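Each chain is listed here by its residues.
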Amino acid sequence: MSSAFALAFSALPVAASASPLPNAMAELLQPANSNNTSADLSSIACDAPGSCSATGIYVDNNGHDQAMVARKDGGVWSAATQVAQPANNSDTYANLPSVVCDAPGSCSAAGLYQDTTGHNQPMVAREIGGVWGGASEVTQPANSNGAFAQLVSVACDAPGSCSASGGYQDSDGHTQAMVAQESGGVWGAASEVAQPANSNNTYSQLGGVACDAPGSCSAIGAYNDNTNTSRPMIAQEIGGVWGGATEVTQPINSNGGGEQLYSLACDAPGSCSAVGYYTDNTGAQSQLMVVQEIGGVWGGATEVARPVNSGGNTLALLNSIACDAPGSCSATGVLVDNNGGAGSR
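Q: Please clarify how the side chain of S263 should be interpreted in this entry.
A: Summarising the element assignment, S263 is placed in strand β22 (residues 260–268). Looking at S263, its side chain comes within polar contact range of the main-chain nitrogen of I321, at 3.2 Å.

Q: Mind showing me how you'd approach the pattern of salt bridges here?
A: Opposite charge on two side chains permits them to pair, given that their charged atoms come into close proximity. Tallying each qualifying case throughout the model produces six salt bridges. Linking R71 and E127 is a salt bridge whose minimum nitrogen-to-oxygen distance equals 2.9 Å. Taken together, the residues span a long stretch of sequence, with R71 in strand β4 (residues 65–73) and E127 in strand β9 (residues 120–128) at a distance of 56 residues. E127 matches R71 in its accessibility class, with the two residues each being buried. Close ionic contact of R231 with E259 constitutes a salt bridge, the shortest N to O distance being 3.6 Å. With R231 in strand β19 (residues 230–238) and E259 in the loop between β21 (246–247) and β22, this residue pair connects regions lying 28 residues apart in the sequence. Of the residues examined, R231 reaches a relative accessible area of 11% and is grouped as buried. Here the salt bridges do not stand alone but share partners, grouping D47, R71, D73 and E127 into one network.

Q: Whenever I open this one, the packing of aromatic side chains confuses me. Can you help?
A: Aromatic ring pairs are reported here in terms of the distance separating the ring centres and the angle at which the planes meet. Within the structure shown, the criterion is met by one aromatic pair. Ring centres 6.1 Å apart and planes at 25° place the aromatic pair Y262 and Y277 in the stacked group. Pair noted here: Y262 is in strand β22 and Y277 is in strand β23 (residues 271–279), with a separation of 15 residues, a long-range link. Overall, Y262 belongs to the partly exposed group, its relative accessible area being 22%.

Q: Explanation requested: the side chain of S286 in the structure shown.
A: Here S286 shows up in strand β24 (residues 286–294). Given the relative accessible area of 10%, S286 is considered buried. Of note is the side chain of S286, whose polar atom sits 2.8 Å from the backbone nitrogen of A316. If we ignore the near neighbours within four places in the chain, the residues touching S286 are Y277, Y278, T279, R306, T314, L315 and A316.

Q: Looking at this structure, how should I read the environment of V304?
A: Looking at the secondary structure, you find V304 in strand β26 (residues 302–304). Sequence separation between V304 and Y277 is 27 residues; the distance between their C-alpha atoms is 9.3 Å.

Q: Explanation requested: the confidence of the model for the protein in the structure shown.
A: Where the model shows low pLDDT, its predicted coordinates should not be examined in detail. Residues with a pLDDT of 70 or more make up 89% of the protein, whose mean pLDDT is 89. Scored below 50 in pLDDT, residues 1–21 shows 49 contacts in the model against residues more than four places distant or in partner chains. Counting interchain partners and residues more than four positions distant, the pLDDT-below-50 stretch residues 341–345 has 14 contacts.

What counts, and at which threshold
Residues numbered from 1 in each chain as written. Predicted model: local features only at pLDDT ≥ 70, side-chain atom pairs only at ≥ 80, totals over all residues. Heavy atoms only, no water. Helix = DSSP H or I, 4+ residues; strand = E, 2+ residues; numbered from the N terminus. Polar contact = N/O pair within 3.5 Å; in protein donor to acceptor, adjacent residues only side chain to side chain. Salt bridge = Lys/Arg side-chain N within 4 Å of Asp/Glu carboxyl O. Buried < 20%, exposed > 50% of the residue type's maximum accessible area, 1.4 Å probe, protein only. Phe/Tyr/Trp six-rings, centres within 6.5 Å; stacked < 30°, edge-to-face > 60°. Contact = heavy atoms within 4.5 Å. pLDDT = per-residue confidence, 0-100.

And the structure:
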């Protein structure tokens, strides 16, 4: 059977501690034009005690997917509301999979929508003074063919200063990594993130992004190398400028293919960690891995030992990480335990 687990790792000793159980779950009312068939909140961020925003997607009464946001004020959640799409929308699809807050009453959400030509375009929405406004389109890099682009993650390093990561389709029809930056509360055009030197330039995309200080962020992603094998990569923003991505060196027992980074978090300036999985040199087992940034420099990936009940089964991965203090982070994931059976993530 599949088993969920959590582990802690750091450069400093950590200890487990008990915490109060959360309140019972409650259904959140969907926007008024929902057909009540499907809805999902995929991201949540808080700007002050008792004040949070959650973003996601729902199906309207025309059967179309729409972006939504829900607010918690004074510790009480209100019904979700639709986030208006940019003016050139087809009103057929929109989603906000990631949200972040940079100050009380100030949050940003990133995602995508479908324009009048049926193409997916990147968008961002902002909360100002505790009120969410409509989304605006993010201009794609100059070499975009305009057919597809999306933002999948957003993080802030200071009030009014955020970065959103994702991908777009270039003039050759290849998906490329991109990042958009907000400065002084205004989102600028996205720019391409150069791939590692051994890329074949056919595919790259950035997923999660995290910031550790003003003008300093990192984003994880993947690209195809010159053997057309998918590899993990990390891009860094230094001094407010995003540089090209670098390949993540795999653990020594890797088979050279089949690895991915799912999540990253920072615990101090110049100190971040990213987690995921890789395939070992047996070619049959996925193993847990972590990559750490120390002093602003990302190192190679290392294996994280599995729990003792994992046996010799095939599935193991880390899909989320968070940090609570310098040198103290925890990651969660999934594995197939020694009772066998298919796992899921």
